[in-house]
Amino acid sequence: MKLPGEDGGRRKRLLIALAALLVAGGYYLLSRELGSLDLQNLLEDVSNTLGAWTYLLVAVFAFAETGAFVGLVVPGETVMLLGGAVAGQGAIDIYLLIAVAWFSAWLGDTTSFFIGRRLGREFVLRNGPRFGIGHERFERVEDYFGRHGGKTIFIGRFISLVRAFAPFIAGSSGMRYRAFVPYSILGTGLWASAHILIGYFFSRSIESAAKYAGRGAFLLASAIVVVVAVVFVVRRLRVEANRRAAIAWMERHAATRWLVLLARYFRPQLRFLWERVTPGGTFGLEFTSLMAVLAVSAFVLIAYTVIVSGEPGPTPGDETAAEIAEHLRAAWLVDFAKVFTYLGSFLVVGPLVALAAALLAVRRRWAELWVLLAGATIVFLGVHGLKVAVDRPRPVGGLVGTSSSSFPSAHAAYSTFYVWLAVTIVMRLRPGMARGAAVVATGIALTALVGLSRVYLGVHYLSDVSAGWALGLGAFSLCAAVALVVTTIGSVRQNGRDAVAAGAAEDRE
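Residues numbered from 1 in each chain as written. Predicted model: local features only at pLDDT ≥ 70, side-chain atom pairs only at ≥ 80, totals over all residues. Heavy atoms only, no water.

1. Observations concerning the environment of L429
Turning to step 1, where the next piece is worked out: Following the sequence through the fold, L429 ends up in helix 19 (residues 410–429).
Turning to step 2, where the next piece is worked out: In this structure, the C-alpha to C-alpha distance between L429 and R363, residues 66 residues apart in sequence, is 9.9 Å.
Turning to step 3, where the next piece is worked out: Beyond its immediate stretch of four places on either side in the chain, L429 contacts L360, R365 and T424. (Helix = DSSP H or I, 4+ residues; strand = E, 2+ residues; numbered from the N terminus. Contact = heavy atoms within 4.5 Å.)

Put into structure tokens, the structure is as follows:
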């Protein structure tokens, strides 16, 4: 006896398999055709034609992918690959291209999110049925975004249809922006960097890329089959009767029986851990936010280190910042800048770190204490290690005394302590405190003013300051992420011990 919908399910699976074969065949034929073209010369012609216009082209498509739903018509990956290939020919800078694409893609996500929030549920409910999104279906989407919104934003960035709509639906379904933005930053950064780098490296040997197109088709078809199989298994296991049947089958076979026993033994710990790593939970959002800050910081620091190591002179951005500082030069502003630049010196930040460490130790806040000491140590060692390794000369004509090399700015790196202090007070020591946003804004403002004062006083380039900020924020984010994971594992173990003790007490009763 056939179940209702069984024929439809078989037909759908058959269509998916047929699509996979067509894709594989198309890629194979494409690879055969590409073999008859002089791809290297063709790519050089395209690179010479586009030149610096590639930045604008990549920015527009990265933004419009989600900001204007252009991704439904023209996938942005194509333009990212093209941009990477142009950079590979030496026509443009690869680091600036990734930065432009990353920022534009994030801006597109944010625009789509707030468009969805502005139009709201009523717009989707009113117009959704035209596109197959009924009321009941949208309510399920809302519930899903409430539980798995972060994962959808991150993973959906690599799926064209999902990428185009996910930020809009996240906004219209009531998802908070602070829960949305970390996953958007990570997803857009990985998406843009991956596709641009693929185009960059393959452009060095475009003939090899064409040769492996057929192999890529096989891998793509295999991936489709795996995805279909996973979706099929997940859907079956959603039914409780199917789950029980699967567990019973595993218990009857020695090869899988140990998995069932292991899962039952660690059930409390696994459940506790799953609740913590779900993006809707505290751990998931906090950890992803730290990873987003770390990703951006690492990119800025690595990019500037590579650029400055190859060419120690000022970058175009440095020259523009120096011109603005010169234009705004005034005696009272110089005195003002000298006050703030002193707040970033080791003579000020060092004692503040020691005082904060002592207070944390008195309050027995060991995780926060470890983050502070480890982060400050990494910042100190990183600053002086990079200064020796890069050995960049200082700008000429500084208004205050200096020593050692210019890159990175130690004052800017040390000043990130103020951001760490503000965030730690609001998020960890006094959660829910009144005017917490003002405290965080004050910490950010202090860090910004210290760094900008170094540029204004002519003792650092803007790239030195940016690298210093990136080093400090990256160090504290990394240490905070490690501490969060360690404390969560400790909670998992304690939760498991409590569950075992409770079970033993029930047995005695």
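2. Considering the pattern of salt bridges
Turning to step 1, where the next piece is worked out: Counted under the stated rule, the structure contains five salt bridges.
Turning to step 2, where the next piece is worked out: Two residues, R392 and D318, come together in a salt bridge whose shortest N-O distance is 3.2 Å. Remark: D318 occurs in helix 15 (residues 316–327) and R392 occurs in the loop between helix 18 (366–390) and helix 19; sequence separation between them is 74 residues. Here R392 and D318 have matching classes, each one buried.
Turning to step 3, where the next piece is worked out: Through salt bridges with shared partners, a single network forms among D318, R392 and D464. (Salt bridge = Lys/Arg side-chain N within 4 Å of Asp/Glu carboxyl O. Buried < 20%, exposed > 50% of the residue type's maximum accessible area, 1.4 Å probe, protein only.)

3. A short note on the environment of Y342
Turning to step 1, where the next piece is worked out: Residue placement: Y342 occurs in helix 16 (residues 331–342).
Turning to step 2, where the next piece is worked out: Separated by 111 residues in the primary sequence, Y342 and S453 have C-alpha atoms spaced 9.4 Å apart.
Turning to step 3, where the next piece is worked out: What Y342 contacts, discounting residues up to four positions off in sequence, is L347 and V348.

4. Digging into empty space enclosed by the protein
Turning to step 1, where the next piece is worked out: Under the counting rule described, the total for this entry stands at one cavity of 30 Å³ or more.
Turning to step 2, where the next piece is worked out: What lines the largest cavity is simply T66, D109, I153, G156, R157, R163, A166 and P167.
Turning to step 3, where the next piece is worked out: Sorting the residues of the lining of the largest cavity by element identifies helix 6 (135–156) and helix 7 (160–172) as the ones contributing at least two each.
Turning to step 4, where the next piece is worked out: With three residues, the top contributor of residues to the lining of the largest cavity is helix 7.
Turning to step 5, where the next piece is worked out: Looking at the lining of the largest cavity residue by residue, the class counts come to three nonpolar, two polar and three charged. (1 Å grid on protein atoms, 1.4 Å probe; cavity = no way out; pocket = protein on both sides within 12 Å on 5 of 7 lines; lining within 4 Å. Points joined across faces, edges and corners; volume = space filled by probe spheres on them. Nonpolar A, V, L, I, M, F, W, Y, C, P; charged D, E, K, R; others polar.)

5. Section: the packing of aromatic side chains
To describe a pair of aromatic rings, one takes the distance between the centres and the angle between the planes.
Turning to step 1, where the next piece is worked out: What the rule picks out here adds up to 13 aromatic pairs.
Turning to step 2, where the next piece is worked out: The rings of F113, F114, Y177 and F180 are connected pair by pair, giving a single aromatic cluster.
Turning to step 3, where the next piece is worked out: Across from the ring centre of Y456, 5.1 Å away, lies the NZ or CZ of R329, which sits over that ring. (Phe/Tyr/Trp six-rings, centres within 6.5 Å; stacked < 30°, edge-to-face > 60°. Lys NZ or Arg CZ within 6 Å of the ring centre and 35° of its normal.)

6. Re helix 4 (residues 76–88)
Turning to step 1, where the next piece is worked out: For helix 4, with 13 residues, the first-to-last C-alpha span of 18 Å sits near the 18 Å given by 1.5 Å per residue.
Turning to step 2, where the next piece is worked out: Among the residues of helix 4, G76, E77, V79, M80, G83, G84, A85, V86, A87 and G88 are the ones counted as buried.
Turning to step 3, where the next piece is worked out: Phi for G90, located one or two positions after helix 4, is positive at around 85°. (Expected span 1.5 Å × (residues − 1).)

7. Brief notes about the environment of F299
Turning to step 1, where the next piece is worked out: Inspection of the secondary structure assignment puts F299 in helix 14 (residues 282–310).
Turning to step 2, where the next piece is worked out: Spatially, the C-alpha atom of F299 lies 8.5 Å from that of A99, the residues being 200 residues apart in sequence.
Turning to step 3, where the next piece is worked out: Among all residues touching F299, those that are not within four sequence positions of it are Y95, I98, A99 and W102.

8. Notes on the packing of helix 18 against helix 19
Turning to step 1, where the next piece is worked out: Orientation of helix 18 relative to helix 19, taken along the N-to-C sense of each, is 165°, at an axis distance of 10 Å. Considering their axes alone, helix 18 and helix 19 lie roughly antiparallel with respect to each other. Classified by chirality, the crossing of helix 19 by helix 18 is right-handed. Within the contact between the two elements, helix 18 uses E368, V371, L372, V379, F380, V383, H384 and K387 and helix 19 uses A410, A413, Y414, F417, W420, T424 and R428.
Turning to step 2, where the next piece is worked out: Of the residues assigned to the contact of helix 18 with helix 19, the class counts are 10 nonpolar, two polar and three charged. (Axes fitted to C-alpha atoms, helices over the stretch in contact; angles between N-to-C directions. Parallel < 35°, antiparallel > 145°, perpendicular 65-115°, else oblique. Left-handed = near helix turned anticlockwise from the far one by under 90°.)

9. Observations concerning the confidence of the model for the protein chain
A low pLDDT score tells you not to read the predicted coordinates there in detail.
Turning to step 1, where the next piece is worked out: The pLDDT averaged across the protein chain works out to 76; a share of 68% of its residues lies at or above 70.
Turning to step 2, where the next piece is worked out: The least confident element of the protein chain, judged by mean pLDDT, is helix 9 (residues 206–211) at 50; the most confident is helix 17 (residues 346–362) at 94.
Turning to step 3, where the next piece is worked out: Under a pLDDT of 50 for its full length, residues 276–281 has, in the predicted model, 16 contacts with residues more than four places off or in other chains. (pLDDT = per-residue confidence, 0-100.)

10. Here's the deal with helix 20 (residues 436–456)
Turning to step 1, where the next piece is worked out: In a regular helix each residue adds 1.5 Å, so 21 residues correspond to 30 Å; helix 20 covers 30 Å between its end C-alpha atoms and thus fits that length.
Turning to step 2, where the next piece is worked out: Those residues of helix 20 that fall on the buried side of the exposure criterion are G436, G443, T447, V450, G451, S453, R454, V455 and Y456.
Turning to step 3, where the next piece is worked out: Following helix 20 by one or two positions, G458 adopts a phi angle in the positive range, close to 75°.

11. Topic: the nonpolar core
Turning to step 1, where the next piece is worked out: Judged by nonpolar contacts, the single largest core of 35 residues is most densely connected at L372, V379, F417 and W420.
Turning to step 2, where the next piece is worked out: Elements with a minimum of two residues in this core: helix 14, helix 17, helix 18, helix 19 and helix 21 (462–508).
Turning to step 3, where the next piece is worked out: With 10 residues, the single largest contributor to this core is helix 21.
Turning to step 4, where the next piece is worked out: Beyond its immediate chain neighbours, meaning those up to four positions away, V379 contacts A413, Y414, L471, G472, A475 and F476.
Turning to step 5, where the next piece is worked out: One finds A62, V86, A105 and W191 within the second-largest nonpolar core, a separate group that totals 19 residues. (Core = buried A, V, L, I, M, F, W, Y, C linked by side-chain atoms within 4.5 Å.)

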